[in-house]
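# Fold and contact review
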Amino acid sequence: MPAPTIALIGAGRMGAALVRGWLASGTGSPIIIVDPAPSEDVSLWASTGKVTLNPAPEPADIVVLCVKPQVFASTIEPTSPFIGPDTLILSVMAGILLKQLASSFGSSRIVRAMPNTPGAIGQGVTVISAPPGADPADIDAATGLLSALGVVEGPIDEKLIPAATGVSGSGPAYVFLLAEMMALAGEAEGLPADLSARLARRTVEGAAALMASTGDTPDALRKAVTSPGGTTEAALDILMDEGGMPILMRKALRAAANRERDLSRQKD
């Protein structure tokens, strides 16, 4: 049985990361890219015959929608010729609901994905959702394609996508902010700015690597490095007091989830 033809609509940073992973894995699937302003990488792949760029449209086995949600409406008409009665649609767009995708393309073979930015280097986590009764083969196909970005979780109920967006979709920015604030706090204590920035960045990188390598829970790791009466405990007493990080994080995640819900309603 021949490998399925994949048509990628939109090859920005995340779309290009997907293609990079597909090419590296040697799936054997013919890859079509539709992008009016292809990057140098995409143009190179096309010139070397690895992908087909902006061909005349015809139905593909799988269509991956990877455009900004703000331009989704304008892509429906040019994308429709790539979608046949047996085409699986994989959406990598925030705020576009399964029912909106189904009504736009007249198909129920849809999987919705919410990746995060570390997927650009294959270290991301992607959460997927599908309609009730979705074919397990469609879930497997979508999971296989998205594994190019890293770990795939789900499928989960679409109602949980806003919460997942708050945790993993927006989550990398929280970690970047943590490193940024640690560096500024070190500078305020007298460290040279460049040294403080290096210490903060490397500490965040190392802590993440330690968590990944041990498999221990974050709270277990936190407790393991917190000596009674020590410097870490003194800092955590501030971070975890009333109105500190636990409450702030809950408020932040709720704001992100609510914003995702608002965007979905605006596009409904």
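Structure shown above.
This write-up is about the structure you can find in this document. (Residues numbered from 1 in each chain as written. Predicted model: local features only at pLDDT ≥ 70, side-chain atom pairs only at ≥ 80, totals over all residues. Heavy atoms only, no water.)

In this section: the overall build of the chain. Helix and strand counts for the chain stand at 11 helices and eight strands. Counting all 268 residues of the chain, 35% fall into the buried class. Taking all contacts inside the chain whose residues are at least 6 apart in sequence as the whole, residues at least 24 apart take part in 60%. Total accessible area computed for the chain in this model is approximately 15,000 Å², and 60% of it derives from carbon and sulfur atoms. The average position of the 20 basic charges and that of the 27 acidic charges among the side chains of the chain differ by 4 Å. (Helix = DSSP H or I, 4+ residues; strand = E, 2+ residues; numbered from the N terminus. Buried < 20%, exposed > 50% of the residue type's maximum accessible area, 1.4 Å probe, protein only. Contact = heavy atoms within 4.5 Å. Areas by Shrake-Rupley, 256 points an atom, 1.4 Å probe, with all protein chains shown as cover. Lys, Arg positive; Asp, Glu negative; His and termini not counted. Charge placed at Lys NZ, Arg CZ, Asp CG, Glu CD.)

Attention now goes to the nonpolar core. Nonpolar side chains tend toward joint burial in soluble globular proteins. By size, the foremost hydrophobic cluster in this structure holds 31 residues, and its most contacted members are Trp 22, Ile 33, Val 64, Leu 90, Val 92, Val 111 and Leu 146. Breaking this core down by element, the ones donating at least two residues are β1 (6-9), α1 (13-25), β2 (31-34), α2 (40-47), β4 (60-65), β5 (83-91), β6 (110-114) and α5 (136-146). Per-element accounting of this core gives the leading share, six residues, to α1. Membership of the second largest hydrophobic core comes to 17 residues, among which are Ala 7, Leu 65, Phe 72 and Met 93. (Core = buried A, V, L, I, M, F, W, Y, C linked by side-chain atoms within 4.5 Å.)

The next thing to look at is the side chain of Thr 79. Mapped onto the elements, Thr 79 comes out in helix α3 (residues 72-79). When its relative accessible area of 2% is taken as the criterion, Thr 79 is described as buried. Contact partners of Thr 79, with chain neighbours within four places excluded, come to Ile 9, Val 63, Leu 65 and Phe 105.

Bringing a nonpolar patch on the surface into the picture now. The grouping of Leu 178, Met 182, Leu 239, Met 240, Met 245 and Met 249 at the surface amounts to a nonpolar patch, some 490 Å² of accessible area in total. Assignment of secondary structure puts Met 245 in helix α11 (residues 245-267). With relative accessibility at 41%, the residue Met 245 sits in the partly exposed group. (Patch = residues over 30% accessible without salt bridge, like charges linked within 9 Å, V, L, I, M, F, W, Y side chains within 5 Å. Salt bridge = Lys/Arg side-chain N within 4 Å of Asp/Glu carboxyl O.)

Below, the discussion takes up the packing of aromatic side chains. Counting across every chain of the model gives one aromatic pair. Ring plane angle 70° and centroid distance 6.1 Å describe the contact between Phe 72 and Phe 105, whose orientation is recorded as edge-to-face. You can see Phe 72 sitting in helix α3 and its partner Phe 105 sitting in helix α4 (residues 98-105), a full 33 residues away along the chain. Pair check on accessibility: Phe 72 and Phe 105 agree, each one buried. (Phe/Tyr/Trp six-rings, centres within 6.5 Å; stacked < 30°, edge-to-face > 60°.)

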